[in-house]
Amino acid sequence: MARRVVITGTGLLCPLGGSAAELRAARLEGRDALRPSERFGGDGLPRRPVGELLFDAAAHLGRDRNLRPLDRISQLVTAAAARALEDAALSGEALREAEAGLVLGTMLCGVRTIAEFDRRGLERGPTYVSPFDFANTVINAAAGQGAIWHGLAGLNSTLSAGPAAGLQALAYAADQLRAGRATTLLAGGADELSAESYAGFERAGWLCGSAGRECAVPFDARRDGFAPAEGAALLVLEEAEAAARRGAPALAEVLGGGQAYDASRGADVASAAAATARAIRQALAEAGVEPDGIDTVGAGANGGPVTDRAEARALVACLGPRAGTLPVTAVKAGLGEPLGAGGALQAIDALASLSDGLLPGVAGLAQLDPEAALSIEPTARRVAPRRVLLTATGFDGSCAALVLGRWEAGGARA
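Residues numbered from 1 in each chain as written. Predicted model: local features only at pLDDT ≥ 70, side-chain atom pairs only at ≥ 80, totals over all residues. Heavy atoms only, no water.

### Topic: the packing of helix α3 (residues 72-87) against helix α7 (residues 141-150)
With their axes 8 Å apart at the nearest point, α3 and α7 run at an angle of 45° to one another. Regarding the angle of α3 to α7, the classification is oblique. Of the two possible hands of crossing, α3 and α7 adopt the one that is right-handed. Every residue of α7 that contacts α3 at Ile73, Ser74, Val77, Thr78, Ala81, Ala82 and Leu85 is listed here: Ala141, Ala142, Gln145, Gly146, Trp149 and His150. (Axes fitted to C-alpha atoms, helices over the stretch in contact; angles between N-to-C directions. Helix = DSSP H or I, 4+ residues; strand = E, 2+ residues; numbered from the N terminus. Parallel < 35°, antiparallel > 145°, perpendicular 65-115°, else oblique. Left-handed = near helix turned anticlockwise from the far one by under 90°. Contact = heavy atoms within 4.5 Å.)

### Focus on the pattern of salt bridges
For the structure on display, the rule yields 26 salt bridges. Arg178 is paired through a salt bridge with Glu286; the nearest N and O atoms lie 3.9 Å apart. With Arg178 in helix α8 (residues 165-178) and Glu286 in helix α11 (residues 269-287), the pair connects residues that are 108 residues apart, well separated along the chain. Exposure remark for Glu286: the relative accessible area of 35% places this residue in the partly exposed category. We note a salt bridge from Arg309 to Asp369, for which the minimum N-O separation is 3.0 Å. Of this pair, Arg309 sits in helix α12 (residues 305-319) while Asp369 sits in the loop between β11 (358-359) and β12 (375-376), and the two are 60 residues apart along the sequence. (Salt bridge = Lys/Arg side-chain N within 4 Å of Asp/Glu carboxyl O. Buried < 20%, exposed > 50% of the residue type's maximum accessible area, 1.4 Å probe, protein only.)

### Thoughts on empty space enclosed by the protein
It is the rolling of a water-molecule-sized probe over the atoms that shows where space remains empty. Here the structure, examined in full by the defined rule, presents two cavities of 30 Å³ or more. Here the largest cavity defines a volume of roughly 80 Å³. Among the elements of the structure, β9 (296-299), β10 (327-330), α13 (342-356) and β14 (387-393) are those that each provide at least two residues to the lining of the largest cavity. Residue composition of the lining of the largest cavity, grouped by class: eight nonpolar, five polar and two charged. In this structure, the second largest cavity spans a volume of roughly 40 Å³. Taken together, Glu192, Leu193, Ser197, Phe201, Pro228, Ala229, Glu337 and Leu339 make up the full set of residues lining the second largest cavity. Across the lining of the second largest cavity, the residue classes tally to five nonpolar, one polar and two charged. (1 Å grid on protein atoms, 1.4 Å probe; cavity = no way out; pocket = protein on both sides within 12 Å on 5 of 7 lines; lining within 4 Å. Points joined across faces, edges and corners; volume = space filled by probe spheres on them. Nonpolar A, V, L, I, M, F, W, Y, C, P; charged D, E, K, R; others polar.)

### Here we look at the sheet that holds strand β15 (residues 398-405)
One open sheet holds the 11 strands; their spatial order is β5-β4-β6-β7-β1-β8-β15-β14-β9-β10-β12, and the pairing between them is mixed. Strand pairing shows two members of the sheet lacking a second neighbour, β5 (156-160) and β12, which therefore form its edges. Pairing between strand β4 (residues 101-106) and β5: five bridges, direction parallel. Residue pairing for β5: Leu102 is matched across the bridge by Asn156. Along the sheet, α3 contacts β1 (5-13), β4, β6 (184-191) and β7 (231-239); its crossing angle with β1, the most-contacted strand, is approximately 130°. (Pairing = 2+ DSSP bridges.)

Written as C-alpha cells, this is what we have:
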C-alpha cells in the first residue's frame, strides 16, 4: 500500500498575521495589509503599496539566544519553523526520533544579504566584510540555518521557483515521504522584501501602479500588477502511520502535486495557461482525482495582468464547465505577493476551509475580469469542500499545482 502524507502543524509570519488563526480572521474579514512603502522608493523609484512585515526576531526566538549568525530571512524561516513544530507537538525526544528535515521554497532568499556583502566589499574592501554575512550569501542558507537552530538532522533542500516555489516545496516533500526517504518534513517557503528586489520588480514593470491604477486585486479588471510582500510559512508533513503512532491529529492529506514551466516566462497568456494546465493535470493524476472531484480552488493570482488571466484560463481548461460555478479564492488579495511563502500560505488558507467550511472572498474585488470565467466573490461564503486544488502561475515561468483533501483514516484517500 502506498504511503500517505498528512499535514500535522503549521507556522507562519506574514503581513496579515502571525498564526493560522490570525490569517484566517483577516481573510474572512477581508482585511488589507498593503500600504505605501516607507522603506522603499526614492532615487527615481516611486513608492508603491507593499505588504511589509514587522518582525522582532528576539521576541520570537529568545532574547538570550545568539541571533548574529542569522540574517533576516533566516530569522523568519527559523521562527516559522518554531511555530510549526510547536503546533505539531514536535519537540525534544519526539523531534529527535522523527529525524525531521526541511524543504524550503524561495525565489530570492537572502538577496539583501548578498547585496550588502558585495557592497561592503566593493566600498571598503574584503577585510571589512562580515563572515556572518558570507555564510548567508547562498540561496540554501535559510534552510540550513533553520535546520541547525532546531536540530533537524533529516533531508534539507531548497527549491527556487518564484511564486510557485512554496507549492513545489510541498509537493517535493510529499514525494520524499511517499518514497520512504523521510517520515517527517517541514515544507513551505519564505522571501523577504528588499530594496534590490523592489527596484528589480519596478524596473521590470511588474508592480501595481505601472498602468497608473495601483490595483493589485487578483482577477479584478482594474489590476495592473502585484504588490510585493514578504513572509515565511511552513507546514509539518508526516507519513500518516508515523503521525498516528505518536498520536498527532491529521489536519489534511496531501494527495498530489504537479509542476511545469512556461517558456515565455509570464509574457504570453496562452503559453502560461498551457504550462499551468499541465501542472494541474499532473496534480489531479497523482491524486487520482477527476476534475469533478475538486470542490474549491485556492489560486495563486496576485494581480498580474498576464499571469492572473493565464491561471483563470488553465482552470477553465482543466475543470471544464464546472469552472464557472466552482468557488475560487486568492490568498494574495490584501496580502500581496510573498513569492516563496505564497504556496504555503495558500495551503494554510485551504486547511481552514476544509475544517470550517468557509471560503474567504477576494478582498477588494470590485470588477471581475470578464475573461476570468470563474466563480469569484469579494466576501466569504459557505462551502463544503473535501478536496481543494491550489495553483500558482509564476511571472518567472514556474507553475505548480497541489491537491489537498480531508483526512479519512482507515479508508481510501479523500
